[in-house]
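What the coordinates show
Listed below are the residues making up each chain.
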Amino acid sequence: QVQLVESGGGLVQAGGSLRLSCAASGNIFSINARGWYRQAPGKQRELVATITTGGSTSYADSVKGRFTISRDNAWNVMYLQMNSLKPEDTAVYYCSAVTGKGTTWDSWGQGTQVTVSS
């Protein structure tokens, strides 16, 4: 089993930056892919960015060019660097992972609030 804990959220002004962190514990070697989701009030949960064991990354069009996903070599910590933040980025951000031989996002963190003021 994998446990994920997010940190780094907070209140920032539009145009500012934040870096979110996601610490993994447990059977971290079962992780095949990691990603960040976000959910704003009244909206569906949105996949923001992903990173594979090979280092390949992908981004939602809404954040491309502004956000960067990365990880340490041991997969213990994953990061989401968020630059040029907009009020539309306000949401609860969740760390997630695909583990074992599954193909679904089956491990989740508790979420961290990001609020961008205008």
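The following refers to the structure shown. Along each chain, residues carry numbers from 1 onward, in the same order as the chain's sequence is written. Thresholds applied to this predicted model are a pLDDT of at least 70 for local features of residues and 80 or more for the giving and counting of side-chain atom pairs; totals over whole chains, interfaces and linings are not thresholded and use all residues. With hydrogens and water excluded, all non-hydrogen atoms of the structure serve as input to the side-chain values.

**Overview of the sheet that holds strand 8 (residues 77-82)**
Strands are treated as partners if at least two bridges between them are detected by DSSP. In this description a helix means any DSSP run of H or I spanning at least four residues, a strand means any run of E spanning at least two, and both kinds are numbered starting from the N terminus. Pairing is antiparallel in the open sheet, where four strands are placed in the order 1-3-8-7. Each having just a single partner strand, strand 1 (2-7) and strand 7 (67-71) make up the two edges of the open sheet. With strand direction ignored, the average angle separating the axes of adjacent strands in the sheet is 15°. Here strand 7 runs beside strand 8; their pairing, made up of five bridges, is antiparallel. Each bridged residue has a counterpart across the sheet, and for T68 the counterpart in strand 8 is Q81. Lines fitted to C-alpha atoms define the axes here, with helix axes fitted over just the stretch in contact, and angles between the N-to-C directions of these axes take values from 0 to 180 degrees.

**A few points about the state of the cysteines**
Disulfide: a covalent bond formed between the sulfur atoms of two cysteine residues. When the sulfur atoms of two cysteines come within 2.5 Å, that pair is taken as a disulfide. The full count for this structure, using the stated rule, is one disulfide. Each sulfur of the disulfide joining C22 and C95 lies 1.9 Å from the other. Judged by the sign of its S-S torsion, about -80°, the bond between C22 and C95 is left-handed. You can see C22 sitting in strand 3 (residues 18-26) and its partner C95 sitting in strand 9 (residues 91-99), a full 73 residues away along the chain. Residue exposure (1.4 Å probe, protein chains only): buried if accessible area is under 20% of the type maximum, exposed if over 50%, otherwise partly exposed. Under the relative-accessibility criterion, C95 is labelled buried at 0%.

Without other data, these values stay purely geometric and don't point to any function.
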